[in-house]
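Chain residues, written in single-letter form:
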Amino acid sequence: MALSRLDNLYRQMILEHADHPHHHGVLENSDHQLELRNPTCGDVLILQLKMEDGKVSDIAFSGEGCTISQASASMMTDEVIGKTPNEIEKMVVAFSDMVTGKAETEEDYEEILGDASILEGVAQFPARIKCATLAWKAIYQALGENNKGVDGQ
Amino acid sequence: MVKKMNEICRDFPILNQIVNDERLVYLDNAATSQKPKEVIDAVSNYFLRDNANVHRGVHTLAERATEQFEQTRFKVKNLINAKSEREIVYTKGTTEGLNWVAVSFGTQVVKSGDEIVVSYMEHHSNIVPWQILCEKTGAKLKYVKLTKNGELDFEDAKEKITAKTKIVSIAQASNVMGVVNPIKELAKLAHENGAYMVVDGAQSLPHMKVDVQDLDVDFLAFSGHKMLGPTGIGILFGKMELLERMSPLEYGGEMIDFVELDHSTFKEVPWKFEGGTQNIAGVIGLGAAIDYLQDVGYEEIEKKEHELVEYVLPKLLQIDGLTVYGPKEPDKHTGVISFNLDGIHPHDVATALDMEGVAVRAGHHCAQPLMKYLKIPATVRASFYFYNTKADADQLIKAILATKEFFKHGTI
């Protein structure tokens, strides 16, 4: 049955993240907040960040989205805590390369992205790439806004 | 009926294929329909034999191209029972038609303090042009409510359409919930209040007989590609006296009579609207699509679609955790059915159905105000056309059950 192919997209860990997302909710006194929408499907992601000593010290996301976007956001928030904006930027680029199927080895992605590298299967489902990248775009833009000292909307 | 319903599948070669190891079941017809061989051949033959620019050349190919190009205007006139083929304007689709009415006609009749009435079930293309017109003119945009069943609330329409209303613009059939709106009654109501009636026919023309004189509508916009024709070709019908009041929207080649150094005169309606070289292949393809639809016959099309909805809707409603938006009665539906599965995002459902060979749409269907009105972010939409079969419906149901199972247990 062709539905078995879905296992490549919806690995157990992805389903668990989507069902019980980490860092889901609202941060009191966040330093920065950014809302990003996926206009093609109506998904909304609100990302909040706290910075300390030039690193992300806490993070939270809310909004609504599909399994892939929720799991990706959950994994992203796990991976970026304690990282500097420069490190995170590299992760965002690596994540984007991974899900758009640009050739690299899997070990590289696991090294850079940790558990989030399990989303590599998204590359086989081009219609779902935007779902996976939404949270990573959000943190990229939030940090970009950080550098400019502007709160994004 | 020249075409036999049970032989129709053969006319659509694209339907006969395997997708993701499963038989393709195409249920995204509200987005675009598939094309029969007759349409593909008409477009192909035009390029193979008759390709030339229309209206200008004196040579034989130009005459052939012009003949076919203008022939489609008569076919559309007959299809919608317009008074004259000159009431038929070629556009690139429903969106362009509605925009032209808003920009060229709307700015003439709408003033500050006036009102424009649409409904909560409109497609963005029947909302945004009016929003912009309101911004420009200081008019107000009002929305007719829906009943609990998802149908247009006619009592509310009676309250919203008043002497202040200048334009009423409503879809004849909803692209999300598949309901059909009482256009004739709305047009009467609009006219009694001195307003003009504009109709978005994108989701009705593919499925039902539309008679612009019987409905007494002032404008009707629709797209070729949802009714077996190519993309990039659409029709704007307007009553002659209204089209004559409208200025062209594009100036330049094709639409002029005489060009002097400091001024120009334009062709008459409808050619004054058709600036630049037109989508000739698209027009010819649309002509072939109309021939095909009439060979099958709207009566047969409606009958077949009704049979399909009557078959599949109760099966969908029986699935535990599945919510259908809009009416639950099959006779109140076109082939469009929107639904959600509890706890599974529509996009996840659509990906899973795709793996089972079933092509559906997931998202807001260009109807964000409707999604907000229904308090949901998105839906899954299965849209049937007359070439679909009960086997297609069965495959959809089976795929939905497998999808539920997959997301419940994380595997199958």
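Rules and cut-offs
Residues numbered from 1 in each chain as written. Chains lettered and ligands numbered in written order. Predicted model: local features only at pLDDT ≥ 70, side-chain atom pairs only at ≥ 80, totals over all residues. Helix = DSSP H or I, 4+ residues; strand = E, 2+ residues; numbered from the N terminus. Rg over C-alpha atoms; globule rule 2.2 N^0.38 Å. Pairing = 2+ DSSP bridges. Axes fitted to C-alpha atoms, helices over the stretch in contact; angles between N-to-C directions. pLDDT = per-residue confidence, 0-100. Contact = placed C-beta atoms within 7 Å. UniProt positions renumbered as here; feature names shortened; annotations may be inferred. Domains from an automatic or database assignment. Core = buried A, V, L, I, M, F, W, Y, C linked by C-beta atoms within 7 Å. Buried ≥ 20, exposed ≤ 12 C-beta atoms within 10 Å, placed from the backbone. Expected span 1.5 Å × (residues − 1). Bend = angle between axes of the 7 residues up to and from the residue. Right-handed = clockwise from strand over helix to strand, strands pointing away.

Q: Quick rundown of the overall build of chain B? Include the residues and the values.
A: Along chain B, the regular secondary structure elements total 13 helices and 17 strands. Against the globule reference of 22 Å for 412 residues, chain B gives a C-alpha radius of gyration of 22 Å, in line with a compact fold.

Q: I'd like a rundown of the sheet that holds strand β17 (residues 379–383) of chain B, residues and numbers included.
A: All names here are of chain B. One open sheet holds the four strands; their spatial order is β13-β14-β17-β16, and the pairing between them is antiparallel. At either margin of the open sheet sits one strand with a lone partner, and together these are β13 (322–325) and β16 (361–363). Looking at each pair of strands side by side, their axes are set apart by 30° on average, direction ignored.

Q: I'd love a proper account of the confidence of the model for chain A, names of residues and values included.
A: Residues and elements named next belong to chain A. For chain A, mean pLDDT is 87; residues scoring 70 or higher make up 90% of the total. Mean pLDDT across the elements of chain A ranges from a minimum in helix α5 (residues 106–113), with 81, to a maximum in helix α3 (residues 67–80), with 95. The model gives residues 146–153 a pLDDT under 50, and that stretch makes 13 contacts with residues more than four places away or in other chains.

Q: Hey, could you go over the UniProt feature "domain: Aminotransferase class V" (unreviewed entry) in chain B for me, with residue numbers and the actual values?
A: UniProt's entry tags residues 25–396 of chain B with the feature "domain: Aminotransferase class V" (unreviewed entry), counted in the numbering of this structure. Secondary structure content for residues 25–396 of chain B is 40% helix and 17% strand, and the end C-alpha separation is 8 Å.

Q: Lay out the domain arrangement of chain B in plain terms, naming residues and giving numbers.
A: Residue and element names in this part refer to chain B. Domain annotation of chain B identifies domain 1 (5–31 + 297–409) and domain 2 (41–295). Averaged C-alpha coordinates put domain 1 and domain 2 at centres separated by 28 Å. Contacts between the two partners involve 25 residues from domain 1 and, on the opposite side, 23 residues from domain 2. Of all the elements in the fold, those that place two or more residues in the side of domain 1 that touches domain 2 are α10 (298–318), β14 (336–341), α12 (368–374) and β17.

Q: Could you give an account of the nonpolar core, naming the residues involved and the relevant values?
A: The tendency in soluble globular proteins is for nonpolar side chains to be buried as a group. Ile139(A) and Val168(B) are the most contacted members of the largest nonpolar core, which has 166 residues in total. The element contributing the most residues to this core is helix α9 (residues 280–296) of chain B, with 11 residues. Residue contributions to this core reach at least three from each of two domains, namely domain 1 (5–31 + 297–409) and domain 2 (41–295) of chain B. Discounting chain neighbours no more than four positions away, the residues touching Ile139(A) are Leu47(A), Met76(A), Val80(A), Ile88(A) and Val92(A).

Q: Explain the interface of chain A and chain B to me, and be specific about the residues and the numbers.
A: Residue-level contacts link 20 residues of chain A with 23 residues of chain B. Those elements giving two or more residues to the side of chain A that touches chain B turn out to be α1 (6–9) and α2 (12–19) of chain A. The element contributing the most residues to the side of chain A that touches chain B is α1(A), with three residues.

Q: Describe helix α3 (residues 94–109) of chain B, naming the residues involved and giving the relevant values.
A: Residue and element names in this part refer to chain B. In this model, α3 (16 residues) spans 21 Å end to end at C-alpha, consistent with the 22 Å of a helix rising 1.5 Å per residue. Largest kink in α3: about 30°, centred on Ala102. Every buried residue belonging to α3 is among Thr94, Thr95, Glu96, Gly97, Leu98, Asn99, Trp100, Val101, Ala102, Phe105 and Gly106, and all of these are buried.

Q: Describe in detail the sheet that holds strand β1 (residues 32–38) of chain A, supporting the description with residues and values.
A: Within a sheet, adjacent strands bond to each other through the backbone by hydrogen bonds, running parallel or antiparallel. Residues and elements named next belong to chain A. Read across the sheet, three strands follow the order β1-β2-β3 without closing on themselves; strand pairing throughout is antiparallel. Looking along the sheet, the strands with just one partner apiece sit at the ends: β1 and β3 (55–64). Mean inter-strand twist for the sheet, computed between neighbouring axes without regard to direction, equals 20°. As judged from the seven bridges shared by β1 and strand β2 (residues 43–52), these two strands associate in the antiparallel manner. In the strand pairing of β2, Gln33 is matched with Gln48.

Q: Please set out unusual backbone geometry residue by residue, giving values where relevant.
A: Most peptide bonds take the trans form, and the phi angle of most residues other than glycine is negative. All names here are of chain B. For the bond from Val269 to Pro270, the omega torsion is 5°, close enough to zero to count as cis. When you line up the elements, Pro270 lands in the loop between β12 (264–266) and α9. Phi is positive for Asp21, which is not a glycine, with a value near 70°. One can find Asp21 in the loop between β1 (18–19) and β2 (22–23). Of note, Cys366 is a non-glycine position whose phi angle comes to about 55°, a positive value. Mapping Cys366 onto the fold places it in the loop between β16 and α12. Its 17 C-beta neighbours within 10 Å are what place Cys366 among the partly exposed residues.

Q: Describe the pairing of β17(B), listing the residues and the values that go with them.
A: Residue and element names in this part refer to chain B. Taking burial as the measure, the five residues of β17 include five buried ones, the bulk of the element. The side-chain alternation of β17 yields two buried faces, one formed by Thr379, Arg381 and Ser383 and the other by Val380 and Ala382. In this sheet, β17 lies alongside β16 in antiparallel orientation, the contact comprising three bridges. Residue Gly363 lies in a different strand from β17, and its bridge partner there is Thr379.

Q: Quick one: what's the story with the pairing of strand β5 (residues 115–119) of chain B, residue by residue and with numbers?
A: All names here are of chain B. Counting buried residues along β5, five of its five residues qualify, which places the element largely inside the surrounding structure. A two-sided burial pattern is seen for β5, the buried positions comprising Glu115, Val117 and Ser119 on one face and Ile116 and Val118 on the other. Sheet analysis places β5 next to strand β6 (residues 140–144), joined by five bridges and oriented parallel. Along β6, the bridge assignment pairs Val118 with Tyr143. Regarding the hand of the β-α-β motif, the stretch spanning β5, helix α4 (residues 128–137) and β6 is right-handed. Sheet analysis places β5 next to strand β7 (residues 165–171), joined by three bridges and oriented parallel. Across the sheet, the residue bridging to Val117 is Val168, located in β7.

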